[in-house]
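Here is how the chains run, residue by residue.
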Amino acid sequence: QVQLVESGGGLVRAGGSLSLSCVASGSIFRTNSMSWYRQAPGAQRELVARITSAGSTNYADSVKGRFTISRDNAGNTVYLQMNSVKPEDTADYYCHANVVVRGPGYSVMDYWGKGTLVTVSS
(Lines give C-alpha, C1' and ligand atoms only; values in the text may rest on other atoms or scores of the structure.)
Protein backbone atom coordinates (compact mmCIF):
# COMPACT_ATOMS: atom_id res chain seq x y z
CA GLN A 1 0.00 0.00 0.00
CA VAL A 2 2.79 2.41 0.90
CA GLN A 3 6.40 2.25 -0.17
CA LEU A 4 9.40 4.13 1.16
CA VAL A 5 12.48 4.39 -1.02
CA GLU A 6 15.73 5.80 0.33
CA SER A 7 18.62 7.16 -1.71
CA GLY A 8 21.86 9.01 -1.21
CA GLY A 9 23.96 6.61 0.80
CA GLY A 10 27.57 5.92 -0.01
CA LEU A 11 31.15 6.36 1.08
CA VAL A 12 32.30 9.65 2.56
CA ARG A 13 35.41 10.76 4.41
CA ALA A 14 35.29 11.85 8.00
CA GLY A 15 34.44 15.54 8.19
CA GLY A 16 32.56 15.44 4.92
CA SER A 17 28.87 15.71 4.08
CA LEU A 18 26.21 13.45 2.68
CA SER A 19 22.53 13.91 1.98
CA LEU A 20 19.88 11.20 2.20
CA SER A 21 16.39 11.29 0.71
CA CYS A 22 13.31 9.15 1.24
CA VAL A 23 10.17 9.27 -0.87
CA ALA A 24 6.88 7.82 0.34
CA SER A 25 4.36 6.74 -2.28
CA GLY A 26 1.16 4.74 -2.52
CA SER A 27 -2.23 4.99 -0.85
CA ILE A 28 -1.33 7.95 1.35
CA PHE A 29 -3.97 10.21 2.78
CA ARG A 30 -1.57 12.01 5.07
CA THR A 31 1.97 11.45 6.27
CA ASN A 32 2.35 12.18 9.95
CA SER A 33 5.86 11.92 11.34
CA MET A 34 8.82 10.85 9.22
CA SER A 35 12.06 9.69 10.73
CA TRP A 36 15.53 8.40 10.05
CA TYR A 37 16.89 5.48 12.02
CA ARG A 38 20.26 3.79 11.74
CA GLN A 39 21.69 0.44 12.61
CA ALA A 40 25.39 -0.23 12.86
CA PRO A 41 26.79 -3.78 12.68
CA GLY A 42 26.09 -5.61 15.92
CA ALA A 43 24.04 -2.73 17.33
CA GLN A 44 20.36 -2.04 17.81
CA ARG A 45 18.46 0.23 15.48
CA GLU A 46 18.35 3.75 16.90
CA LEU A 47 16.47 6.92 16.13
CA VAL A 48 18.58 9.56 14.41
CA ALA A 49 16.03 12.28 13.76
CA ARG A 50 12.27 12.78 13.48
CA ILE A 51 10.12 15.48 11.93
CA THR A 52 6.40 15.85 12.51
CA SER A 53 3.78 17.02 10.02
CA ALA A 54 3.94 20.41 11.76
CA GLY A 55 7.69 20.60 11.21
CA SER A 56 8.83 19.95 14.77
CA THR A 57 12.09 18.06 14.94
CA ASN A 58 14.08 16.06 17.43
CA TYR A 59 17.52 14.52 17.17
CA ALA A 60 19.69 11.94 18.84
CA ASP A 61 22.26 13.64 21.04
CA SER A 62 25.04 12.09 18.95
CA VAL A 63 23.99 13.99 15.81
CA LYS A 64 22.72 17.29 17.20
CA GLY A 65 24.36 20.23 15.48
CA ARG A 66 25.65 18.04 12.63
CA PHE A 67 22.55 16.51 11.02
CA THR A 68 19.43 18.27 9.80
CA ILE A 69 16.11 16.63 8.96
CA SER A 70 13.62 18.33 6.68
CA ARG A 71 10.64 17.46 4.50
CA ASP A 72 9.05 18.88 1.37
CA ASN A 73 5.82 20.87 1.33
CA ALA A 74 3.79 17.93 0.06
CA GLY A 75 5.05 16.08 3.10
CA ASN A 76 5.94 12.81 1.45
CA THR A 77 9.67 13.30 1.05
CA VAL A 78 12.09 13.53 3.94
CA TYR A 79 15.73 14.50 3.81
CA LEU A 80 18.68 14.06 6.11
CA GLN A 81 21.60 16.41 5.63
CA MET A 82 24.65 14.93 7.32
CA ASN A 83 27.56 17.28 7.96
CA SER A 84 30.84 16.78 9.80
CA VAL A 85 30.34 13.04 9.62
CA LYS A 86 32.34 10.72 11.84
CA PRO A 87 33.35 7.07 11.45
CA GLU A 88 30.83 6.21 14.15
CA ASP A 89 28.06 7.44 11.83
CA THR A 90 28.70 4.37 9.66
CA ALA A 91 25.48 2.37 9.52
CA ASP A 92 22.50 1.34 7.46
CA TYR A 93 20.08 4.27 7.48
CA TYR A 94 16.37 3.52 7.39
CA CYS A 95 13.47 5.79 6.63
CA HIS A 96 10.31 5.42 8.72
CA ALA A 97 6.91 7.01 8.19
CA ASN A 98 3.71 7.06 10.19
CA VAL A 99 1.00 7.27 7.56
CA VAL A 100 -2.76 7.62 7.39
CA VAL A 101 -3.58 5.13 4.65
CA ARG A 102 -6.47 5.62 2.23
CA GLY A 103 -8.92 2.79 2.11
CA PRO A 104 -12.46 1.68 2.93
CA GLY A 105 -11.57 2.66 6.47
CA TYR A 106 -8.68 5.01 6.95
CA SER A 107 -5.97 3.52 9.13
CA VAL A 108 -2.71 4.67 10.67
CA MET A 109 0.25 2.47 9.78
CA ASP A 110 4.00 2.46 10.20
CA TYR A 111 6.24 1.78 7.22
CA TRP A 112 9.96 1.25 6.75
CA GLY A 113 12.27 1.60 3.81
CA LYS A 114 14.84 -1.04 2.95
CA GLY A 115 17.76 1.09 4.05
CA THR A 116 20.75 2.79 2.51
CA LEU A 117 24.32 2.22 3.64
CA VAL A 118 26.46 5.11 4.81
CA THR A 119 30.15 4.40 5.31
CA VAL A 120 32.43 7.02 6.82
CA SER A 121 36.14 6.46 6.38
CA SER A 122 38.68 7.86 8.81
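Let me sum up the structure you'll find in this document. The structure presented is a predicted model; accordingly, all values stated were derived computationally and were not measured.

## Some details on the pattern of salt bridges
Reasoning step 1: Counted by the stated rule, this structure contains four salt bridges.
Reasoning step 2: Here Arg38 and Glu46 are joined by a salt bridge, their closest N and O atoms 2.7 Å apart.
Reasoning step 3: Residues Asp61 and Lys64 are paired through a salt bridge, measuring 3.1 Å at the closest nitrogen-oxygen approach.
Reasoning step 4: Salt bridges linked by common partners bring Arg38, Glu46, Arg66 and Asp89 together as one network.

## Remarks on the nonpolar core
Reasoning step 1: In terms of nonpolar packing, the biggest core is built from 30 residues, with Trp36, Val48, Phe67, Val78, Leu80, Met82 and Tyr93 touching the most fellow members.
Reasoning step 2: Sorting the residues of this core by element identifies strand 1 (2-7), strand 3 (18-26), strand 4 (28-39), strand 5 (46-51), strand 7 (67-71), strand 8 (77-82), strand 9 (91-101) and strand 11 (116-121) as the ones contributing at least two each.
Reasoning step 3: Here the element with the most residues in this core is strand 9; it accounts for six residues.
Reasoning step 4: Residues within four places of Phe67 in sequence aside, it is in contact with Arg38, Val48, Tyr59, Leu80, Gln81, Met82, Asn83, Val85, Asp89 and Tyr93.

## What to know about the packing of aromatic side chains
Reasoning step 1: Summed over all chains, the structure comprises two aromatic pairs.
Reasoning step 2: Where Phe29 meets Tyr106, the ring centres are 4.9 Å apart and the plane angle is 90°; that geometry is what we call edge-to-face. Highlighted residues: Phe29 in strand 4 and Tyr106 in the loop between strand 9 and strand 10 (107-112), separated in sequence by 77 residues.
Reasoning step 3: The partly exposed category is assigned to Tyr106, whose relative accessible area is 47%.
Reasoning step 4: The side chain of Arg45 reaches across the aromatic face of Tyr94, ending 3.8 Å from its centre.
Reasoning step 5: Its guanidinium or amino end placed over the ring of Trp112, Arg45 lies 4.7 Å from that ring's centre, counting from NZ or CZ.

## Things to note about unusual backbone geometry
Reasoning step 1: For Ser84, which is not a glycine, the phi torsion comes out positive at approximately 50°.
Reasoning step 2: Within the element layout of this structure, Ser84 appears in the loop between strand 8 and strand 9.
Reasoning step 3: For Ser84, a relative accessible area of 42% corresponds to the partly exposed category.

## What about the sheet that holds strand 1?
Reasoning step 1: Across the sheet, four strands lie side by side as 1-3-8-7; this open sheet has antiparallel pairing. If you trace the sheet from one side to the other, it starts and ends with strand 1 and strand 7, each paired once. Strand-to-strand, the axes of this sheet are offset by a mean angle of 15°, without reference to chain direction.
Reasoning step 2: Looking at chain direction, strand 3 and strand 8 are connected through six bridges and run antiparallel. Looking at strand 8, one finds that Leu20 is bridged to Leu80.

## Description of the environment of Arg30
Reasoning step 1: Its location among the elements puts Arg30 in strand 4.
Reasoning step 2: For Arg30 and Ala74, which are 44 residues apart along the polypeptide, the C-alpha to C-alpha distance reads 9.4 Å.
Reasoning step 3: Here Arg30 is in contact with Asn98, Val99 and Val100, once residues within four sequence places are set aside.
Reasoning step 4: Reaching out from Arg30, the side chain makes a polar contact with the side chain of Asn32 at a distance of 3.0 Å.

Definitions and cut-offs
Residues numbered from 1 in each chain as written. Predicted model: local features only at pLDDT ≥ 70, side-chain atom pairs only at ≥ 80, totals over all residues. Heavy atoms only, no water. Salt bridge = Lys/Arg side-chain N within 4 Å of Asp/Glu carboxyl O. Core = buried A, V, L, I, M, F, W, Y, C linked by side-chain atoms within 4.5 Å. Buried < 20%, exposed > 50% of the residue type's maximum accessible area, 1.4 Å probe, protein only. Helix = DSSP H or I, 4+ residues; strand = E, 2+ residues; numbered from the N terminus. Contact = heavy atoms within 4.5 Å. Phe/Tyr/Trp six-rings, centres within 6.5 Å; stacked < 30°, edge-to-face > 60°. Lys NZ or Arg CZ within 6 Å of the ring centre and 35° of its normal. Pairing = 2+ DSSP bridges. Axes fitted to C-alpha atoms, helices over the stretch in contact; angles between N-to-C directions. Polar contact = N/O pair within 3.5 Å; in protein donor to acceptor, adjacent residues only side chain to side chain.

Honestly, that's just the spatial picture; any functional story needs more than this.
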